[in-house]
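Fold and geometry: a report
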Amino acid sequence: MEAARCADAYGMCPDNEVEQCDAEQAYTQALLQGTTTWVRLPRDQWPPGWAGMHDPVCPLILALYGHPDSVTMWEVKCDVDVKSVGFTAVGAEWPSVYFHQKLKLLLIIYVDDFKMAGPEKNLDAGWALLRTKLSIGPEGPLGMYLGCNRRREQMTIHGGIQDNVVIYDMESFLEQCVQRYLEVAPEGTKLKESKTPFLSDEGKHGPSRDPTQCQGSRCVWCDYVTPREGQIATTQVGGDSAPSHLGDEDEVRGQLADAATSVCMKILYAARMARFDLLRPVQGLAKWFTKWRKRHDEELYKLMCYINTTKGKKMIGWVADDIDDIQPHVFSDSDFAGTEGTQQSTSGVHLCLRGPNTSFPLSGQSKRQGCVSLSTTEAELVAGALALKTAGLPAIIIMKILSLAANVGRNLQTLLHFHVDNQAMASVIRTGRNPTMRHLSRTHGIAISWLHEQYNEDDVRLAYITTTLMAADIYTKAFQDATKWTNLCEQINLIHVTQLSLPHIHALHSLVL
């Protein structure tokens, strides 16, 4: 998905274009190798020589759909054939991504879907090279790709600048998600208008947040439970594996416990593809599939109300600069001990391409950290290591290749702009140590050493920004304020098409530069 968006951005540069096509009967273009497989044929497909036989079989020669090794055989053949016509693999970080140095073409292959971006005058030659080895259908402009409707348009943005724009439209898919939810929801369920996907309370449920074993009146400020008369206030603090002693209402199994998985996983695909604002709420629900409670029914209902209200929102990327003027930007953020029911933190990562008149989203991540941090700084360090390892460094590799191939007469260095909103964390990365954090565990210590090592490289630039400009904030916290949530959506390019000409949309991205 990230590679496909990178190809879209490259294809939006001046004088460039992006096209896509499908391989024809992809698997059967490859020979099935390895252990011989014998198959039966339908009787109407028997050759004349089989007449009178009881149960004839024959060896399977081609990699037929359904055979467990067919995918591997097609992948190997495709890789060999593509490289034989001049394309080279970008690297292990970008599987099935190739680049042709002479034609300056970027090729993305996902099973039988081909996408090629580069100078418009060279695209026909690139497709012709592939057809000498592979049987592929006719190429066409951007359209439906991996379930997402993508379309290219040229628009005038604020300031009268003509931008090439890619619009990622998942509205029809989100309507299917809503329909699927209504099928499994209680009869008569009606969706209301919702501006955010989260409930109004913070959701501090779970044994780590409420270790008291007794029942009684709960303080609305600190959640302390005052024991009823005659009860002894015993506690059991053992992390999330400790027995839960929540109220009876929280212990009731949710009505959607059996169907929640199918609904959330369908939403997750839309979130990863073109609706990054759905990553945090889906991630928050996914960890409760095996312990689904009544509260989670309410959270899922709130999420579906939000999806139904905002299904018209599109993720939009715009480009009006040469590739040399575009640089990768990665945003890293965390929510200290903000994961519901545990003491773990949540990491948020946002990767995009930015230029003077360019803003193109590439990927977003919302992930619960595997370790417990003792401070905000420690949580930010773990999030920063995730951002740089999984998003930042791979982006440098592909942007270097594209910038060198552009050859517009300038020798500009590809810089990864690494944005954080915690000054203490930035200081630790610069120095590689912090005398006040002598209690660090191995996980946090390794993150600090590795981040400091990458900071000393010439192609990584660490930059502090204010929290109001932290695009990754949307992946870590459960915002209930509609104004703040809308502002964060605009920072990750989730807007209505009509808003593209508004000045504040571009001011948000210009402030980062």
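Before going into details, it helps to say that this report is about the structure given with it. (Residues numbered from 1 in each chain as written. Predicted model: local features only at pLDDT ≥ 70, side-chain atom pairs only at ≥ 80, totals over all residues. Heavy atoms only, no water.)

Quick look at the packing of helix H4 (residues 171-184) against helix H6 (residues 260-273)
The relative placement of two packed helices comes down to the angle between their axes together with the axis-to-axis distance. Between H4 and H6, the shortest axis-to-axis distance is 10 Å and the interhelical angle comes to 170°. Relative to H6, H4 is oriented roughly antiparallel. Only Ser262, Val263, Lys266, Ile267, Tyr269 and Ala270 of H6 make contact with H4, whose side of the interface consists of Phe173, Leu174, Gln176, Cys177, Arg180, Tyr181 and Val184. Residue composition of the contact of H4 with H6, grouped by class: nine nonpolar, two polar and two charged. (Axes fitted to C-alpha atoms, helices over the stretch in contact; angles between N-to-C directions. Helix = DSSP H or I, 4+ residues; strand = E, 2+ residues; numbered from the N terminus. Parallel < 35°, antiparallel > 145°, perpendicular 65-115°, else oblique. Contact = heavy atoms within 4.5 Å. Nonpolar A, V, L, I, M, F, W, Y, C, P; charged D, E, K, R; others polar.)

Topic: the nonpolar core
Judged by nonpolar contacts, the single largest core of 104 residues is most densely connected at Leu106, Ile267, Leu300, Phe360 and Phe418. Ranked by residues supplied to this core, first place goes to helix H9 (residues 376-406) with 13 residues. Apart from the residues lying within four places of it in its own chain, the contact partners of Phe418 are Val330, Ser332, Gly384, Ala387, Leu388, Met425, Ile429, Leu451, Val460, Arg461, Leu462 and Ala463. Counting 21 residues, the second-largest nonpolar core is a separate cluster that includes Tyr98, Leu105, Leu123 and Ile136. (Core = buried A, V, L, I, M, F, W, Y, C linked by side-chain atoms within 4.5 Å. Buried < 20%, exposed > 50% of the residue type's maximum accessible area, 1.4 Å probe, protein only.)

Concerning the packing of aromatic side chains
Following the criterion strictly, the structure yields eight aromatic pairs and no others. For the pair Trp46 and Trp50, a centre-to-centre distance of 5.9 Å together with 70° between the ring planes defines the contact as edge-to-face. Overall, the relative accessible area of 18% leaves Trp46 in the buried class. Judged by centre distance (6.2 Å) and plane angle (80°), the rings of Tyr306 and Trp485 are edge-to-face. Of this pair, Tyr306 sits in helix H8 (residues 294-310) while Trp485 sits in helix H12 (residues 482-491); the two residues are 179 residues apart in sequence, bridging distant segments of the chain. Its relative accessible area of 0% is what places Tyr306 among the buried residues. The structure contains a cluster of three or more aromatic residues connected by ring pairs, namely Phe198, Tyr306, Phe479 and Trp485. Above the ring of Tyr145, the side-chain terminus of Lys115 is found at 4.2 Å from the ring centroid. (Phe/Tyr/Trp six-rings, centres within 6.5 Å; stacked < 30°, edge-to-face > 60°. Lys NZ or Arg CZ within 6 Å of the ring centre and 35° of its normal.)

Some words on the pattern of salt bridges
Taken as a whole, this structure holds 20 salt bridges when the rule is applied. Residues Asp169 and Arg151 are paired through a salt bridge, measuring 3.8 Å at the closest nitrogen-oxygen approach. Taken together, the residues Asp169 in strand E10 (residues 162-169) and Arg151 in strand E9 (residues 148-156) connect sequence positions 18 residues apart. Residue classification places Asp169 among the buried residues on the basis of a relative accessible area of 15%. Among the ionic pairs, Lys314 bridges to Glu171, the shortest N-O distance being 3.4 Å. Residue Lys314 is located in strand E13 (residues 314-319), and its partner Glu171 is located in helix H4; the two are separated by 143 residues in the primary sequence. By relative accessible area, Lys314 is classed as buried at 8%. What you see here is one network of salt bridges that share partners, running through Arg151, Glu153, Asp169, Glu171 and Lys314. (Salt bridge = Lys/Arg side-chain N within 4 Å of Asp/Glu carboxyl O.)

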